[in-house]
Amino acid sequence: MNPPQHVGPQHMSGEEFRRHGHAVIDWIADYIDDVEQYPVESQVAPGDIRALMPTSPPEAPEAFEDILADVDRIVMPGITHWQSPNWFAFFPASSSAPAILGDLVSSGLGVQGMMWSTSPACTEVESVVMDWLVELLGLPEGWRTTDQGGGVLQMSASDSTHTALVVARHLANEAGHTDETLVAYTSGQAHSSIEKGARVSGYGHVRKIDVDDEFALIPAALEATIAADREAGLHPTFVNSSVGTTATTAIDPVKTVGEIARREGLWHHVDAAFAGSAMICPEFRHHQDGLELVDSYVFNPHKWLLTNFDCSAFFVADRKSLLETLSILPAYLRNEATESGAVIDYRDWHVPLGRRFRALKLWFVLRSYGAEGLRAHIRSHVEMAKGFEQKVIDDPRFELYSPTFFSLVCFRHVAGNDVTDTLAEAINATGKVSITRSEIDGDSFIRVAVGSTYTTQEHVDGLWELFDELAPVPAG
Ligand SMILES: *Cc1c(COP(=O)(O)O)cnc(C)c1O
């Protein structure tokens, strides 16, 4: 017998893994303790990080200590600190200790949960956690996996919305309508993922419907556009309602849009990517009245429910058409459990085949905080945002730009665009906080999104002090 020509690489021993693993947890714990000390936005220029790295990969193994040390030396300067308590930009990217640990366990198990049979717990824990969300958020009972609907975790709201668009297209195709005639409708304020998803899935047309002065879709404009499209021989297929737009958290009239969708035979999707998390508190649920007239729904626990990216929760009211659209069963994936129909195979619920055990981190979060902890989390952010909003209202230098429905405050300087833009830049240039400048129809405004896990009243007060200090008093 010939000796083997190749021996495998030197793996980290269990003992070494334990030691380095503890060091990594210490590193993360220190980071969370110290995150407030860094300038919130990374200060590097394009190419700065690349310049610190060798152009070729290492040929010989390197010591783990050296790798971790280079996280400090190379990576950290190029990090923008989304977990800073002074993060008020965009929307938050939720994180919490239980979620980090749940994600770590998922990595440790390293399972591939494409089908029930490839790791039954990966599917069943996810189904139960999604059913829990139905109860926690007061979603329609029928959306449980034990009923005719069901929930699945996806990577992003964009993926969830894309999936909904694909199902609606399939139904239209089945009814004999070709892709070029399909029309998707959404408000002019909806997230770009609606248009992108429609483009990717081959819709012939996307219509951006007019909004009212609170940036909500105008149902009469939707109806008129649908009628005109029918007149032109097109096939109205899909309509999106936003519950909490990205720019201002505007809320479309879900019930009225749902009634139009039912009457006209359109698939009705709700994008509640950010604001959906608030529905764990019953007092916000009136904002999405009409869910019984919704076919699919997405919200991102990774935005505002303490669960690290990626974690997007997608629900369908009836899973039949979803499965019909996406089920493909090649011979090598055949198995008894699938054939019996007694199990969920989540690969049929989205585009990818392979899937991580994402539900673990969400399960860890829901159990560690409990519903009462999660409600306290949402309510404290909304309360801090409301307090900030009141200061804006009381200060003659500012005007509110849109209503504060949740924890995003949008406002501008009364002196107009230039002063608003300059102020936003000056606030971020302090390095102490991060806020977002935005613009609708040529009007500049500032977005302050309260939502970072570690933000307290003290941080919001600090932010207000910066505005107070840097905002000029208008002349006259
Ligand atoms: C953030 C956001 C999205 C996109 O979320 P991803 O998970 O990054 O795809 C979609 N819709 C709304 C309303 C959002 O705020």
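Residues numbered from 1 in each chain as written. Predicted model: local features only at pLDDT ≥ 70, side-chain atom pairs only at ≥ 80, totals over all residues. Heavy atoms only, no water.

K.L.:
Is there a simple way to think about the site of the ligand in this case?
P.N.:
Close to the ligand lie 13 residues; Ala157, Ser158, Asp271, Asn300 and Lys303 are nearest. Between an oxygen atom of the ligand and a side-chain N or O atom of lysine 303, the distance comes to 2.9 Å. For the ligand, the protein covers 87% of the area, taking 390 Å² as the surface of the free molecule. Elements represented by at least two residues in the shell around the ligand include exactly helix H6 (157–174) and helix H10 (301–304). Residue classes in the shell around the ligand are distributed as three nonpolar, eight polar and two charged. (Near = heavy atom within 4 Å. Polar contact = N/O pair within 3.5 Å; in protein donor to acceptor, adjacent residues only side chain to side chain. Areas by Shrake-Rupley, 256 points an atom, 1.4 Å probe, with all protein chains shown as cover. Helix = DSSP H or I, 4+ residues; strand = E, 2+ residues; numbered from the N terminus. Nonpolar A, V, L, I, M, F, W, Y, C, P; charged D, E, K, R; others polar.)

K.L.:
Can you help me understand the pattern of salt bridges in this one?
P.N.:
As a working rule, side chains carrying opposite charge can pair if their charged atoms are close by. Taken as a whole and assessed by the stated rule, the structure comprises 26 salt bridges. The residue aspartate 421 makes a salt bridge to arginine 437 at a minimum N-O spacing of 2.9 Å. Placement of the pair is aspartate 421 in helix H14 (residues 417–429) and arginine 437 in strand S10 (residues 436–440), with a sequence separation of 16 residues. The class of aspartate 421 is buried, set by a relative accessible area of 18%. With relative accessibility at 34%, the residue arginine 437 sits in the partly exposed group. Overlapping salt bridges bring together Asp103, Asp310, Arg356, Arg358 and Lys361 as one network. (Salt bridge = Lys/Arg side-chain N within 4 Å of Asp/Glu carboxyl O. Buried < 20%, exposed > 50% of the residue type's maximum accessible area, 1.4 Å probe, protein only.)

K.L.:
Explanation requested: the sheet that holds strand S9 (residues 408–413) in the structure shown.
P.N.:
Ordered by their spatial adjacency, four strands build an open sheet running S8-S9-S11-S10, and the pairing between neighbours is antiparallel. Looking along the sheet, the strands with just one partner apiece sit at the ends: strand S8 (398–402) and S10. Each neighbouring strand pair of the sheet contributes to a mean axis angle of 40 degrees, computed without reference to strand direction. Taken together, the five bridges between S10 and strand S11 (residues 443–449) define a ladder with antiparallel strand orientation. Along S11, the bridge assignment pairs glutamate 439 with serine 444. (Pairing = 2+ DSSP bridges. Axes fitted to C-alpha atoms, helices over the stretch in contact; angles between N-to-C directions.)

K.L.:
Sorry, what's going on with a negative patch on the surface here?
P.N.:
On the surface, Asp26, Asp30, Asp33 and Asp34 cluster together into a patch of negative charge. Along the polypeptide, aspartate 33 turns up in helix H1 (residues 14–34). Look at aspartate 33 and you get exposed, because its relative accessible area is 59%. (Patch = residues over 30% accessible without salt bridge, like charges linked within 9 Å, V, L, I, M, F, W, Y side chains within 5 Å. Lys, Arg positive; Asp, Glu negative; His and termini not counted. Charge placed at Lys NZ, Arg CZ, Asp CG, Glu CD.)

K.L.:
Would you explain the packing of helix H13 (residues 359–394) against helix H15 (residues 457–470) in this entry?
P.N.:
How two helices pack is summed up by the angle between their axes together with the distance between the axes. Relative orientation of the contacting elements H13 and H15 amounts to 20 degrees, with a least axis distance of 10 Å. By the angle class used here, H13 and H15 are roughly parallel. Relative to H15, the crossing made by H13 is right-handed. Where H13 approaches H15, its residues Met384, Phe388, Lys391 and Val392 are matched on the opposing element by Gln457, Val460, Asp461, Leu463, Trp464 and Phe467. When the residues that make up the contact of H13 with H15 are grouped by side-chain class, the tally is seven nonpolar, one polar and two charged. (Parallel < 35°, antiparallel > 145°, perpendicular 65-115°, else oblique. Left-handed = near helix turned anticlockwise from the far one by under 90°. Contact = heavy atoms within 4.5 Å.)

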